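Summary of the model geometry
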Amino acid sequence: MMQFTHAAVTAPPLHPNGAHGLGLGLFLDVGAPRARPWPAGGFASTPPPLPTSSKISLGNLNSAGCMEQLLVHCANAIEANDATLTQQILWVLNNIAPADGDSNQRLTAAFLCALVTRASRTGACKAVTAAVAAAVESAALHVHRFTAVDLASFVDLTPWHRFGYMAANAAILDAVEGFPVVHVVDLSTTHCMQIPTLIDMLASRAEGPPILRLTVADVASCSSAPPPVLDMSYEELGAKLVNFARSRNVSMDFRVVPTSPADAFSSLVDQLRVQQLVLDGTEALVFNCHMLMHTVPDETAGSVSLAQSVSLRTMLLKSLRALEPALVVVAEEDADFTAGDVVGRLRAAFNFMWIPYDAVDTFLPKGSEQRRWYEAEVGWKVENVLAQEGVDRVERQEDRTRWGQRMRGAGFRPVAFGEEAAGEVRTMLNEHAAGWGMKREDDDLMLTWKGHNVVFASAWAPS
Amino acid sequence: MAMGTFPFQWPMDPAASTGLDGSFLPSLLPPPPAGSDDSVAYYGAPQMHAASLPELAAPFPPAATDLAMRRAEEEVAGIRLVHLLMSSAGAIEAGDHALASAQLADANASLAALSTASGIGRVAVHFTDALSRRLFMSPTTTSAPQPPGTDAAFLYHHFYEACPYLKFAHFTANQAILEAFHGCDAVHVVDFSIMQGLQWPALIQALALRPGGPPFLRITGIGPPSPPGRDDLRDVGLRLADLARSVRVRFSFRGVAANTLDEVQPWMLQVAPGEAVAVNSVLQLHRLLADPDDHHYHAPIDAVLDCVASLHPKIFAVVEQEADHNKPGFLDRFTEALFYYSAVFDSLDASGTGSPMAEAYLQREICDIVCNDGAARAERHEPLSRWRDRLARAGLSAVPLGPSALRQARMLVGLSSGEGHSVEEADGCLTLGWHGRPLFSASAWQAFPAVDGAEEHPHNSNTSNVSGSSGGGDGGDSNNSAGSSNGGKTSHTHSSGVVGAGNMFW
C-alpha cells in the first residue's frame, strides 16, 4: 500500500530520547551574517543582504564565522562527553577544512587537530589509539629543529619577532648609555636570534662598546618548551656569539642557566641574586623578555606560590623588580588565552591565530618547507592552548593592558620608545608585506596586521 | 594446554582473522575437562581481553588464586554451554526434537553457572532463548519479545548510540555521497530506510559549507507506513527541512511509505533530469534475499538492484553486516551467528556503558536468524564478496571509497570506542571489525546511463497522485522546503530517471 507523506501541519515534539537532537541538534544557526573582524581576501567587508531566490552561493560568505561556530559546537560536545555529536561535527569539519586549503581552512584544520587531540584525552573519547594518531597528526610531530642559520633567516621572514627585537634593542641601547658593563638576561623563545644585532649596536656606541654579559634562560628541557626548537647546544651557540662579539671588539661573556617557567624561573633568579650582591654600580642589568613570560603560570593556572597567595607570574615580576634592573623590555602577543573554559580559549585563539595563516600567504609559497615549519609552529600553539591543561599548557598569553597592570603592580613605570626607535621599526616593516603596520598605544608600540593588533613591545624601569 | 579453536578466542592479530568471505566450519569441540586443572593455560575469553591474567604456573597470592580459579570455572562453563547450544542446533537440523530439547535443558542449566552480565553468558542467553522459542513456540509467536514501551526506532537509536557500527555506516556512506556530489548543483538522496534521519544532518551541514556553496538538496526517505494518527515520515522530513533552513540549504523532502523495498518503483522517486542521484542502503539489502536453496521463490533483490541501476546513481552506498547468516543449513547458520554476535556483544561490553536497549536491538536479529524460516526471515546477512558479485551482475560498477573515507573512519571510530575496533580497507571497501573479526562492511557503486539513450517509460506519471505528497519539490507552498524557493527545479517530468534496463515492473 503506497502512501506519500502529506504537507506539513505542525512540527511534532522530538523523539523522547532525542534530548540532544540526535544529531539534528547539529544545526549551525548562521543567522544574520556576522561582521568578520578582517577584510581578508575574498570576503565582503560588509555582510550582504540575504539572498532570496537568487543563485548566489552562500558558501564562502561567512565561512570563517561558520567554521568558528562549528569548532565551538565541537568543543562543547567534547566537554559534554557527547561522542556522537563530536563525531558528526568532526566529520563535517574534516570535509570543509582540508589541511591544504585556503588560509581559513588551514586555520580550521589546525583547530580541528587540536580538538581531536583534546577529545582523545577526555571522557567519552577515550583511548588514543594508533588509528587516531595516524589519522590526525599531532602538531607536535612536525615542529622543525632549526640550525642557527635556518632559524635566523626564518625569524626574519616576518615582523612577528623582528618587531620585538628592534624595539627592545633600541630601548636597551638607550637605557645602558653610560654604563661600562651591560648584563643582558635573555628570556626569549627564539634562542638569541635578537643578540647579534644588539651586539652590533653596542659595538657602534658613541662612547665605545661596553663589556657585555649575556645570561640566557634555557627552557628547552621543560616538558612543553614552545617552538622554535634549536638544533644546537647553547654552549655552541654561546661560543659563536662570543666570537662574533670579539669580531666587533666587544668583550662578551656568555652564560646559560637551565630554568623552568613552572617555578617562575627560580633557578635563574637565584643566580642573579647572588651576582647582584657584588655590584658596584657600573653594571646595567637588562631583562629582555621576548614571548617567554606568558609561559609562566598566571592566576588561572591554579599553581600558586605557597609562601604568598599570588601567582607565579606576579612573583616573577616582583623578583625582577627586586634585582633593580635598569630596564625590562617585554614583547608579547596581544591576545588573551587565559580563559578557564576551552570554548573561551578557542574563540580567543581563533580570533588571533587567523593572522599568521592570513599573513603566511604573503611571504611563503604553498608547499614550501618553510611554510610547513611556520604552520607547524602555529599548530603547536593552537594545540597547546586547546588540548593541554595544567603545567603543560604554556601558551597563557595576556594582552598589553593586563601586562601593563602587572608591571605597574610590581613596581615598574613605563619607558616610552623614542621617535628614532619607532622610525626604525617602520622602516623595517617596509621590507615586509603591505599588511604589516605599527602604531603607538600609550607608551608602547604595537605591531599590526591589516589593522589588527599582533605583538606589542613595552619597556619598563623601576618606579 | 590449548583448548583448541574455541569460538570465543578472538585473535588479537588482524592477520589471523577469518577473512571476508565469512566461511567458517566449526571444529568439533573437545569435551570440557572434568574439573579445573592447574595446568590449564589462559587465553583471551571475551570478558578478559583487557585484563592480563597471571599464568597459573607462577606462584601468586591466595586471593588472586581464588579469582583465577573462578575465572577458570566460568570459562569452562562457557565452553560447555557453547558446546551444548551447538549440539542442540545440530539436533534441530537433524530433526531430533527430543535430543535438541535435552541439550537445550542442559544448556539452560549451564547458563545458571555463568554470569550473564558479560562475556559468553551475555550473548549465550539470547541464543539459548532463541532456540527455546524455535523448539517450543508456534511459528507465529517466534518474534523476539519487545520490551514494553519500545519500538523499532527506539531500539535503533540506542544501538546507534551504544556502539560505532551505525555511525561508521553513516559517515562512510556520507563521505562517498559528499564526494560524489562534488560540483553538482542539484542532488537527490534516496534513503532506503530513513528511520529518524540520523544520517542526514551531518551531510546537510557539510553541503551547506562546501566551497562554492550548497546544492539544491532533495531527500527521498523510504520507510514503513505509519500507524493511524502518525506520520513518521512527515515528521522526519520536517525536522530535516528545519535543519536545512537553518543552514541555508535549499531543500525538499519526500517520504515514500513502503513495507518492502520491492514495492518502490522508480517513478515514485521522481528523479529530475540533471539531478545527481545518491542511493543509500544501510543494512537493507539483505532483507531482500531468499533462501539460497529455494529455487521457486524469486528473490526481490534483483529487481531492486535493477531499479537502483535504472536511476543511474552517481553513487550507491551500501553498508551490510559482514557475515553469512543466509546459509541453508541450520547448524551452520546458528554457529556463524554465535560467532558474529558474540563479537558484537563483546564490543558492546568493552564500550563501558551497558546498553540493554542496544542488546534488545541485536536480540531481535538473533531471534530472526534462529527462529524464522522462509519468507518470515529477514536477517539474511551475506558477506561483502557475495554482494560484490550481485551488484556487478546488476550492472553496477564499484567506486572505491577514497583515502578520506578511511582516514575519517579510523579517526572517528578510534575516538568513540577506544581499543578493539579497527577499520580496514580492501579493494576500495571499508570494513569495521572487532579484534580482527570484520563485522560491518561499506562499499560504493555507480551506474552509468545506457549509451543508446533513455526510453520513455510507459508508466509515467500521473504526477497528480504524487503531488499530494508533501514536501515534494512540487511547489513553493510546501512547508517542508527551506527558506527560498525551489528555484524551479520542480520539473519532475515523469520518465526522467527511469531508463532502459529492462522491465522494472513485474
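Refer to the structure above for everything that follows.
This write-up is about the structure you can find in this document.

What counts, and where the lines are drawn
- Residues numbered from 1 in each chain as written.
- Chains lettered and ligands numbered in written order.
- Predicted model: local features only at pLDDT ≥ 70, side-chain atom pairs only at ≥ 80, totals over all residues.
- Heavy atoms only, no water.
- Axes fitted to C-alpha atoms, helices over the stretch in contact; angles between N-to-C directions.
- Helix = DSSP H or I, 4+ residues; strand = E, 2+ residues; numbered from the N terminus.
- Parallel < 35°, antiparallel > 145°, perpendicular 65-115°, else oblique.
- Contact = heavy atoms within 4.5 Å.
- Nonpolar A, V, L, I, M, F, W, Y, C, P; charged D, E, K, R; others polar.
- Expected span 1.5 Å × (residues − 1).
- Buried < 20%, exposed > 50% of the residue type's maximum accessible area, 1.4 Å probe, protein only.
- Left-handed = near helix turned anticlockwise from the far one by under 90°.
- Phe/Tyr/Trp six-rings, centres within 6.5 Å; stacked < 30°, edge-to-face > 60°.
- Lys NZ or Arg CZ within 6 Å of the ring centre and 35° of its normal.
- Pairing = 2+ DSSP bridges.
- 1 Å grid on protein atoms, 1.4 Å probe; cavity = no way out; pocket = protein on both sides within 12 Å on 5 of 7 lines; lining within 4 Å.
- Points joined across faces, edges and corners; volume = space filled by probe spheres on them.

**A look at the packing of helix H10 (residues 330–350) of chain B against helix H11 (residues 356–371) of chain B**
In a packed pair of helices, the relevant descriptors are the angle between the two axes and the axis-to-axis distance. All names here are of chain B. Two elements in contact, H10 and H11, have axes separated by 10 Å at closest approach and are oriented at 175°. With respect to H11, the axis of H10 lies roughly antiparallel. Contact residues: Phe330, Arg333, Phe334, Ala337, Tyr341, Val344, Phe345 and Leu348 in H10; Ala358, Glu359, Leu362, Glu365, Ile366, Ile369 and Val370 in H11. Across the contact of H10 with H11, the residue classes break down as 12 nonpolar, no polar and 3 charged.

**Some words on helix H7 (residues 232–246) of chain B**
Residue and element names in this part refer to chain B. Here H7 spans 21 Å end to end across 15 residues, near enough to the 21 Å set by a 1.5 Å rise per residue. Judged by how many residues are buried, H7 sits mostly within the fold: 12 of 15 residues are covered. Those residues of H7 lying buried are Leu233, Arg234, Asp235, Val236, Gly237, Leu238, Arg239, Leu240, Ala241, Leu243, Ala244 and Ser246. If you follow the buried residues of H7, they end up packed against helix H6 (200–208), strand S2 (216–223) and strand S3 (251–257).

**Looking at the packing of helix H1 (residues 63–79) of chain A against helix H2 (residues 83–96) of chain A**
Residues and elements named next belong to chain A. Orientation of H1 relative to H2, taken along the N-to-C sense of each, is 150°, at an axis distance of 9 Å. Overall, the two elements H1 and H2 adopt an arrangement that is roughly antiparallel. Between H1 and H2 lies a crossing whose hand is left-handed. Touching Met67, Leu70, Leu71, His73, Cys74, Ala77 and Ile78 of H1 are Leu85, Thr86, Ile89, Leu90, Val92, Leu93 and Ile96, all from H2. Per-class residue counts for the contact of H1 with H2 are 12 nonpolar, 2 polar and no charged.

**Description of the packing of aromatic side chains**
Under the counting rule described, the total for this entry stands at 18 aromatic pairs over all chains. Relative to Tyr374(A), the ring of Phe363(A) has its centre 5.2 Å away and its plane inclined at 85°; by these criteria the two rings are edge-to-face. You can see Phe363(A) sitting in helix H11 (residues 342–363) and its partner Tyr374(A) sitting in helix H12 (residues 369–387), a full 11 residues away along the chain. For Phe363(A), a relative accessible area of 18% puts it in the buried group. Measuring from centroid to centroid gives 6.0 Å for Phe330(B) and Phe334(B), while their planes differ by 40°, and the two rings are tilted. In this pair, Phe330(B) and Phe334(B) are both assigned in helix H10, 4 residues apart and thus about one turn of the helix distant. As far as burial versus exposure is concerned, Phe330(B) and Phe334(B) are alike and both buried. Aromatic ring contacts, followed pair by pair, group Phe146(A), Phe154(A), Phe363(A), Trp373(A) and Tyr374(A) into a single cluster. Above the face of the Phe330(B) ring, Arg134(B) is positioned so that its terminal group lies 4.4 Å from the ring centre. Looking at Arg390(B), its charged tip hangs above the ring of Trp387(B), at a distance of 5.7 Å from the centre.

**Focus on the pairing of strand S8 (residues 327–333) of chain A**
Working note: regular strand, side chains alternate between the two faces of the sheet. Residue and element names in this part refer to chain A. Most of S8 sits inside the fold, with 7 of its 7 residues counted as buried. On S8, burial covers both faces: Leu327, Val329, Ala331 and Glu333 on one face and Val328, Val330 and Glu332 on the other are all buried. As judged from the 5 bridges shared by strand S7 (residues 283–290) and S8, these two strands associate in the parallel manner. Residue pairing in the sheet places Val286 in a bridge with Leu327 of S8. Here 6 bridges tie S8 to strand S12 (residues 452–462), and the two strands are oriented antiparallel to one another. Each residue of the ladder has a partner; that of Val330, found in S12, is Ser458.

**A look at empty space enclosed by the protein**
Residues and elements named next belong to chain A. All chains considered together, the criterion is met by 14 cavities of 30 Å³ or more. Taken as a whole, the largest cavity encloses approximately 280 Å³ of empty space. Around the largest cavity, the lining is made up of 19 residues, and of these Trp160, His161, Glu333, Glu377 and Lys381 lie nearest the centre. For the lining of the largest cavity, the elements supplying multiple residues, two or more each, are helix H5 (148–155), helix H6 (159–175), H11 and H12. Looking at which element gives the most residues to the lining of the largest cavity, the answer is H12, with 4 residues. Looking at the lining of the largest cavity residue by residue, the classes come out as 11 nonpolar, 4 polar and 4 charged.

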